[in-house]
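Structure assessment
Residue-level listing of the chains:
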Amino acid sequence: MERAGTTPCLLKSKQIEEDFPYLSFPVDSSAILDNMGGHISPRKLVSAHQMAASLAGCQIIHDVVSKVVSFDGYITIETEQKRSISAKKVLIATGGFTPFRHLLPYGFKLDLKMKTSTILKFELNDKEVERLSSMPVVIPYVFSASHQTAKHRSYILPPIKYPNGKWYLKLGLGNGPVQEFTLDNEDDITRWYQGTGSAFIAHQLYDAMLNIMPGLKYENLESDSCMTTHTKSGKCCIDMVTRNLGIAVGGNGHAAKMSDELGHIAARLRSLQHFIN
């Protein structure tokens, strides 16, 4: 991390309380503070990636792919709006929807699990936003009795202004034993995204927030749904399926923060194929 220009520092419970009085942790807690840390806006990230692609000469087509067909050295992409696009090479990076559309060669299956995720958003007024203006991204870990492995972790983002003009504090659950359930088909994924997540998990998240930030004052509370795509190995699957068809799927809940480098590897897939294999 020093080579990246940042040197994390270790904080004990007393210093945590002094520097961040709105956070509450057990007296024996420790924290690692990274002053270069931050958070990612998914909307801005996608917009930035598309702008970079456009500047590099790519054409952005706003459509939904329904089928990918290989024939005679070329690949044809068919879309829901009846477009037909031919290409010499195709990279599939379609996340949890990959197994449920005709995107891969016949008989080829990826061992993926699509897991649900529920988040809570606490709407804040201007006074509370100002009080929490120094708040960093917080990733609390709860360890096992032996302190050897993390039982589970969550994440809390500082106040962020959303497109609707409102400020929210966002809380989500990371890895650990509290996994909701898997989504086995595209209809289930669509229904999940159209809903507000799991009421059971939302209640657990709410209790966790009250423990970590007992003095939080909020105007409104919303739950929302998300999904993560997991591989059997826990590592992203980036490889060539055929001579001219590649895949980059399975972020295991960490893809957004690494998306630039994952895309870089995928873009150079043919030249790296021997190394990756």
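All of these numbers come straight from a predicted model, not from anything done at the bench. (Residues numbered from 1 in each chain as written. Predicted model: local features only at pLDDT ≥ 70, side-chain atom pairs only at ≥ 80, totals over all residues. Heavy atoms only, no water.)

**Some points on the sheet that holds strand β14 (residues 245-249)**
Strands sit in the order β6-β14-β13 across an open sheet of three strands; the sheet is mixed. For this open sheet the edge positions go to β6 (90-92) and β13 (237-240), each flanked by a neighbour on one side alone. Taken over all neighbouring pairs, the strand axes of this sheet differ in orientation by 15° on average, direction set aside. Note that β13 and β14 share four bridges and pair antiparallel. By the bridge assignment, isoleucine 238 is partnered in β14 with alanine 248. (Pairing = 2+ DSSP bridges. Helix = DSSP H or I, 4+ residues; strand = E, 2+ residues; numbered from the N terminus. Axes fitted to C-alpha atoms, helices over the stretch in contact; angles between N-to-C directions.)

**Re the confidence of the model for the chain**
Of all residues in the chain, 88% have pLDDT values of 70 or greater, and the mean over the chain is 87. Confidence drops under a pLDDT of 50 for residues 144-150, and excluding neighbours within four residues, the segment shows six contacts in the predicted structure. (pLDDT = per-residue confidence, 0-100. Contact = heavy atoms within 4.5 Å.)

**Brief notes about helix α4 (residues 186-193)**
Turning to α4, its buried residues number three or more, namely Glu186, Ile189 and Trp192. Projected down its long axis, α4 carries its buried residues within an arc of 125°, all on one side. Away from its buried face by more than 90 degrees, α4 exposes Asp187 and Arg191. Contacts made by the buried residues of α4 are with β7 (112-124), β11 (182-183) and β12 (220-231). N-capping of α4 is provided by asparagine 185, with a side-chain oxygen placed 3.2 Å from the backbone N of aspartate 187. (Buried < 20%, exposed > 50% of the residue type's maximum accessible area, 1.4 Å probe, protein only. Arc of directions from axis to C-beta. Polar contact = N/O pair within 3.5 Å; in protein donor to acceptor, adjacent residues only side chain to side chain.)

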